[in-house]
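Listed here are the chains, written in short residue letters.
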Amino acid sequence: MDETDPHQRFLTHAREEHDFEVDPQRFPDGTETAGDAARALGCDEAQIASSIVLVADELLVVITSGANTVDTRTLATLRGVHTARMADPDEVHETLGYEVGGVPPFGHDTTVPVYFDADLRAFDTVWAAAGSPETVFPISPDQLIEYTDAIVADLAE
């Protein structure tokens with residue numbers, strides 16, 4: 001197993017840190033959007049748990065429904081800062097160890113705050129990136145909240 005491969009590092013982290021065996025689904029051509037992922041999986045776009053990386057006084061992850069857009073003003077208010085912005089790809093890779101489009105909800109190189117979109121709780125199973133833009137995995141919202149130590153919030157625009 002190649003531990004330098006982000007997907008493999010994520011699988012190892014999930015197993016060793018959470019005793020969770022990831023059941024990855026691979027899409028060799030990747031999925032550019034939550035809608036693409038939902039069509040490939042045959043699920044609702046709202047079931048895609050997108051890891052959006054932002055900066056609001058520090059880099060953080062918002063796990064949001066693929067049907068939602070993060071309200072950066074609400075996030076900034078929650079963080080007690082004036083603004084929140086999307087992190088740039090270099091910040092994401094340097095801090096979390098993954099590339100944009102493949103950031104998993106947990107297993108990051110650096111521990112960062114995580115926020116969880118309350119809308120995802122409407123589903124028994126959601127789908128999240130498994131360390132690469134070509135892989136996703138099913139997980140319950142409650143497990144995601146537990147494994148990420150996330151703050152549940154209504155952050156949708």
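Along each chain, the written sequence defines residue order, and numbers are assigned to residues from 1. At least 70 in pLDDT is required for a residue's local features to be given in this predicted model, at least 80 for side-chain atom pairs to be given and counted, and no such filter applies to totals for whole chains, interfaces and linings, which use all residues. Note: side-chain values were computed over all heavy atoms of the structure, leaving out hydrogens and water.

(A) Main features of the side chain of Asp117. For Asp117, the location among the structural elements is in strand S5 (residues 114-117). Burial classification: accessible surface area is computed with a 1.4 Å probe over protein chains only, and a residue below 20% of its type maximum counts as buried, one above 50% as exposed, and the rest as partly exposed. Residues counted as positive are Lys and Arg, residues counted as negative are Asp and Glu, and His and the chain ends are not counted. One speaks of a salt bridge when a side-chain nitrogen belonging to Lys or Arg is within 4 Å of a carboxyl oxygen belonging to Asp or Glu. Lacking a salt bridge, the buried Asp117 has Arg121 as its closest oppositely charged neighbour, with an N-O distance of 9.7 Å. Pairs of N or O atoms within 3.5 Å make up the polar contacts considered here, provided that, within protein, one atom can donate a hydrogen while the other can accept it, and that residues adjacent in sequence are counted only when both atoms are side-chain atoms. Engagement of the side chain of Asp117 in a polar contact is seen with the backbone nitrogen of Ser65, the distance being 3.0 Å. When sequence neighbours within four positions are dropped, the list of residues in contact with Asp117 reads Ile63, Thr64, Ser65, Asn68 and Ala153. In this description a helix means any DSSP run of H or I spanning at least four residues, a strand means any run of E spanning at least two, and both kinds are numbered starting from the N terminus. The contact criterion used is simple: two residues touch if any of their non-hydrogen atoms lie within 4.5 Å.

(B) Layout of the pattern of salt bridges. Inspection of the entire model under this criterion finds 7 salt bridges. Here Asp109 makes a salt bridge to Arg9, at a shortest N to O gap of 2.9 Å. Taken together, the residues Asp109 in the loop between helix H4 (89-96) and S5 and Arg9 in helix H1 (residues 6-18) connect sequence positions 100 residues apart. A network of salt bridges, in which partner residues are shared, links Asp57, Glu58 and Arg79.

(C) Main features of the packing of aromatic side chains. Two rings from Phe, Tyr or Trp (for Trp, the six-membered ring) form a pair when their centres sit within 6.5 Å of each other. Planes less than 30 degrees apart are called stacked, planes more than 60 degrees apart edge-to-face, and all others tilted. Overall, the coordinates contain 6 aromatic pairs when judged by the stated rule. Grouped by ring-pair contacts, the aromatic residues Phe10, Phe20, Phe106, Phe137 and Tyr147 constitute a single cluster. One Lys or Arg, Arg9, reaches over the ring of Tyr98 and ends 5.0 Å from the middle of that ring. Should the NZ of a Lys or the CZ of an Arg lie within 6 Å of a ring centre and within 35 degrees of the ring normal, that charge is described as sitting over the ring.

(D) How the structure looks around the side chain of Thr135. On the secondary structure map, Thr135 appears in strand S7 (residues 135-139). Engagement of the side chain of Thr135 in a polar contact is seen with the side chain of His7, the distance being 3.3 Å. A polar contact is formed between the side chain of Thr135 and the side chain of Ser132, at a distance of 2.9 Å. Leaving out residues up to four positions away in the same chain, Thr135 has contacts with His7, Gln25, Arg26, Ala128, Ala129 and Ala130.

(E) View of helix H3 (residues 72-79). Buried residues of H3: Leu75, Ala76 and Arg79, and no others. Projection of H3 onto a plane perpendicular to its axis shows the buried side chains occupying an angular sector of 100°, all on one side. In H3, the exposed positions that point more than 90 degrees away from the buried face belong to Arg73 and Thr77. Buried positions along H3 lie against strand S2 (48-55), strand S3 (59-65) and S5. Gly80 lies just past H3 and shows a positive phi near 75°. In this context, the arc is that of the directions from the helix axis out to the C-beta atoms.

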